Amino acid sequence: MTDAANAMAAGLVDASADDAKWTVALAGAAIDRGLKCGPGGAMIVRSEGAVNAVTLSPVDGGGGTSPLLSLKNRPLFETVRAAATLRSGATADERGAALAALERRAGSLPPEFFEKAAETEADAGLKARILGVGQAALLNSPDMPKRIAAIEHIAATSDRRALTRVDGLKSDPAYRTDPAFRGAVDEGVASIGRWLALSNALNVFYNGLSFASILFMASAGLAIIFGLMGVINLAQGEFIMIGAYVAYAVQETLRAVAPSLIDWYLIAAIPVVFVVTAGIGVAVEATIVRRLYTRPLMTLLATWAVSLLLVNLMRVAVGTQNLQFVTPWYISGGRLLMGDFIVTWNRLFAIVFAAVTLALTWFVLKRTPLGLNIRAVTQNRAMAGCVGIATRRVDMMAFGLGSGLAGLAGLALCPIYNVNPQMGSNFIVDSFMVVVLGGVGTLAGTAIASLGVGQINVLIEPLYGAVAAKVIVLLMIIAFLQWRPEGLYAVKGRRK
């Protein structure tokens, strides 16, 4: 049985598609004990009837005994069946599953087998995988030039599995006796190490950029409100939470009304989230905050009370459990670019969304009458009132704009963060640090400070933990403010 398995494996190198299908049938019958040997010859017994083991044509009968595969021979026949399926599978998924089964047993097949399989493979992605497995098999080839070529090919992939494969060759006897082989192994390990270091740096930058994008959207509204009105809005984190819950409501509405469109709930929720959270912000400003402008401590206590009210209202109305969001196809998965650096679509969505939000917010502040009024009131409230600007109305609109931006941050968090009533409190401290570091009321300062705080957090957290990262970032900001108290950017003018 061992000789039979080895013979079938060797024959698969030059086998036709029909021969490969026959090998699948024969090896599968031996594994499942459907192969019968009797006086009439060998036959394969199936549920629909018996067939001749050589011609696969129907025959009568079903008697005979089944060869028993030992624990040693069964893996050989499973390898043969997978290899034959790789050569003759009807679909790419079927052939891909067979290749996955062969990856750990590639060394037991002739090295030329994978080259032949790649030549007949129509799927480009699967063809590249076949060649990669074939190169790994060639690492144990008796032909030294082929081994060295395989090392160079595997080193070009630059991931951790490639590093393990190449680095493992240092225990090979040829590493001590063959200078060319040793040089190829050392160069391969060094090359993979350099690419892995670069991919790790890119991973840190990418994760920091995604965190910074959320932090910017959470902080931009706070910067506008604090810079314009001097209000320390402790309810800003709860507006983030409301934005996420409104996005969930849009998702469930689409699930009930138009299930076929549920993948687009994130896009459909953008205007809804902004309008709802901005409306709630306008209501809070008109009913509570407006009466407390001259008392900063009272505005802090009042907005803290609003945050407690909103959190407990959500607890009572919806519950404390994490909400379950559908992951749309356009933010599912990612793409491996190099080494271990994977661009995940959900984080890329947050980054792009933050960039678009930054551009639109800049346009509103710099190119619209509302933005002109906000900048005028921020620089000199008394003079703005003297020239006819309705400062109270500007305050209300700015508070609504800041609340709406926080709601959009909650929407961007839906695919990558746990959504529950407490989620906003995790961002409020970081948001205030960003506002103070960037300079009160400046959009550019907020964007740069968000990027800095996000990158430093992601860089320090794996080394010292999340709590220590927060403390270190806070100490760094305090030290920076000792040198530059007004932050990165100082608003020109003064408030009266």
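Undergrad: Quick question: what am I supposed to make of the overall build of the protein chain here?
TA: Each helix and strand counted, the protein chain has 20 helices and 6 strands in total. Each of the three principal axes of the protein chain carries a C-alpha extent, and together these read 110 × 60 × 35 Å. Across the 496 residues in the protein chain, those meeting the buried criterion constitute 45%. Long-range contacts, defined here as pairs at least 24 residues apart, represent 69% of the contacts in the protein chain between residues at least 6 apart. Carbon and sulfur atoms form 63% of the exposed surface of the protein chain, whose accessible area is close to 24,100 Å². Of note, the protein chain has its 42 positive side-chain charges centred 15 Å away from the centre of its 33 negative side-chain charges.

Undergrad: Could you clarify how one ought to interpret helix α12 (residues 265–287) in this entry?
TA: Residues that lie three or four places apart on an α-helix share one face, since the helix turns once every 3.6 residues. If you check α12, its first and last C-alpha atoms are 32 Å apart, about what 23 residues at 1.5 Å a residue would give, namely 33 Å. The principal kink in α12, of about 30°, is found at P271. Of all the residues in α12, the buried ones are Y265, L266, A269, V273, T277, A278, G281, V284 and E285. Among the structural elements, α11 (236–257), α13 (296–317), α14 (345–367) and α17 (391–413) are those in contact with the buried residues of α12.

Undergrad: Would you mind going over the pattern of salt bridges with me for this structure?
TA: Should their charged atoms come close, side chains of opposite charge can pair. Under the definition given, this model contains 8 salt bridges. Look at the salt bridges and you will find they share partners, linking R381, R392 and D395 into a network.

Undergrad: Hey, could you run me through the packing of α14 against helix α15 (residues 369–379) in this one?
TA: Two numbers describe a pair of packed helices, the interaxial angle and the distance between the axes. In the contact formed by α14 and α15, the axes pass within 5 Å of each other and the chain directions differ by 75°. For the element pair α14 / α15, the angle class is roughly perpendicular. Touching V364, L365 and K366 of α14 are L370, G371, L372, I374 and R375, all from α15. Considered class by class, the residues forming the contact of α14 with α15 number 5 nonpolar, 1 polar and 2 charged.

Undergrad: Which parts of the structure should I look at to understand the pairing of strand β2 (residues 41–46)?
TA: One ladder, built from 4 bridges, connects strand β1 (residues 35–38) with β2; its direction is antiparallel. When the sheet's bridge partners are listed, L35 is paired in β2 with I44. Counting the residues that bridge the hairpin from β1 to β2 gives 2 residues. Across 4 bridges, the pairing between β2 and strand β3 (residues 49–52) is antiparallel. If you follow M43 over to β3, its bridge partner there is N52.

Conventions used here
- Residues numbered from 1 in each chain as written.
- Predicted model: local features only at pLDDT ≥ 70, side-chain atom pairs only at ≥ 80, totals over all residues.
- Heavy atoms only, no water.
- Helix = DSSP H or I, 4+ residues; strand = E, 2+ residues; numbered from the N terminus.
- Buried < 20%, exposed > 50% of the residue type's maximum accessible area, 1.4 Å probe, protein only.
- Contact = heavy atoms within 4.5 Å.
- Areas by Shrake-Rupley, 256 points an atom, 1.4 Å probe, with all protein chains shown as cover.
- Lys, Arg positive; Asp, Glu negative; His and termini not counted.
- Charge placed at Lys NZ, Arg CZ, Asp CG, Glu CD.
- Expected span 1.5 Å × (residues − 1).
- Bend = angle between axes of the 7 residues up to and from the residue.
- Salt bridge = Lys/Arg side-chain N within 4 Å of Asp/Glu carboxyl O.
- Axes fitted to C-alpha atoms, helices over the stretch in contact; angles between N-to-C directions.
- Parallel < 35°, antiparallel > 145°, perpendicular 65-115°, else oblique.
- Nonpolar A, V, L, I, M, F, W, Y, C, P; charged D, E, K, R; others polar.
- Pairing = 2+ DSSP bridges.

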